[in-house]
Amino acid sequence: MTTTRAIRLASLVTAINVLVASGFSIAAIIRPQYLVPAESVPTQASLLLAMYAAARTIPLASFALWAIYKQATPPLLILGALAGTVQLLDSGIGLFEHDLGKCAGPLLIAVLQFYVVYLVRKSVRITLQTARG
């Protein structure tokens, strides 16, 4: 895979990843009943936790989208790896809750995110070696 294609794919996956994560945290603030279990009642505490989640995901999304827009590969790799790590930890929360959907979805996104970061690193490394050699 060429470096350009790898970067485009990583940009797409990273953008989807951070936008989905931000969307969930914003939805948890605006309409928490869509995210909490049916038997749960949204409380002031759940709103506070949703705001904490948004305070982390929105800046990550902003910086990742900036790196994509500027076509800045090193920041894209760092922020993509960070976004993948966040999804991996979210998968652990789903596992803790014994909720297959909350475990499998983030795990799939994390694996895909780490894979595209790997592809970019690999293609950049090959490009650099070819340019030197």
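So, here is what we can say about the structure in this document. (Residues numbered from 1 in each chain as written. Predicted model: local features only at pLDDT ≥ 70, side-chain atom pairs only at ≥ 80, totals over all residues. Heavy atoms only, no water.)

**Observations concerning the overall build of the chain**
Right, so step 1: Check the secondary structure of the chain and you find 4 helices and 0 strands.
Right, so step 2: Within the chain, buried positions represent 32% of all 133 residues.
Right, so step 3: Considering only contacts in the chain between residues 6 or more positions apart, those separated by 24 or more positions represent 66%.
Right, so step 4: Surface summary for the chain: the accessible area is close to 8800 Å², and the carbon and sulfur share equals 71%.
Right, so step 5: Averaging the locations of the 10 positively and 4 negatively charged side chains of the chain gives two centres separated by 26 Å. (Helix = DSSP H or I, 4+ residues; strand = E, 2+ residues; numbered from the N terminus. Buried < 20%, exposed > 50% of the residue type's maximum accessible area, 1.4 Å probe, protein only. Contact = heavy atoms within 4.5 Å. Areas by Shrake-Rupley, 256 points an atom, 1.4 Å probe, with all protein chains shown as cover. Lys, Arg positive; Asp, Glu negative; His and termini not counted. Charge placed at Lys NZ, Arg CZ, Asp CG, Glu CD.)

**Topic: the environment of leucine 88**
Right, so step 1: Along the polypeptide, leucine 88 turns up in helix H3 (residues 73-96).
Right, so step 2: By relative accessible area, which is 41% here, leucine 88 ends up partly exposed.
Right, so step 3: Each C-alpha atom, one on leucine 88 and one on valine 18, is 13 Å from the other, the two residues being 70 residues apart in sequence.
Right, so step 4: Look past the residues within four positions of leucine 88 in its chain and what remains in contact with it is Leu107, Ala110 and Phe114.

**Side note on the packing of helix H1 (residues 3-30) against helix H2 (residues 44-70)**
Right, so step 1: Running from amino to carboxyl end, H1 crosses H2 at an angle of 155°, the nearest separation of the two axes being 8 Å. Here H1 lies roughly antiparallel to H2, going by the angle between them. Taken as a pair, H1 and H2 cross one another with a handedness that is left-handed. Contact residues: Ser11, Thr14, Ala15, Val18, Leu19, Ala21, Ser22, Ser25, Ile26, Ala28 and Ile29 in H1; Leu47, Ala50, Met51, Ala53, Ala54, Thr57, Ile58, Leu60, Ala61, Ala64, Leu65 and Ile68 in H2.
Right, so step 2: Across the contact of H1 with H2, the residue classes tally to 18 nonpolar, 5 polar and no charged. (Axes fitted to C-alpha atoms, helices over the stretch in contact; angles between N-to-C directions. Parallel < 35°, antiparallel > 145°, perpendicular 65-115°, else oblique. Left-handed = near helix turned anticlockwise from the far one by under 90°. Nonpolar A, V, L, I, M, F, W, Y, C, P; charged D, E, K, R; others polar.)

**A look at the nonpolar core**
Right, so step 1: Counting residues in hydrophobic clusters, the biggest one holds 17 residues, and the most contacted among them are Ala10, Val18, Leu60, Leu76, Leu79 and Val120.
Right, so step 2: Sorting the residues of this core by element identifies H1, H2, H3 and helix H4 (100-132) as the ones contributing at least two each.
Right, so step 3: The element contributing the most residues to this core is H1, with 5 residues.
Right, so step 4: Ignoring anything within four residues of it in the chain, the contact list for leucine 79 reads Leu60, Phe63, Ala64 and Ala67. (Core = buried A, V, L, I, M, F, W, Y, C linked by side-chain atoms within 4.5 Å.)

By themselves these figures say nothing about function.
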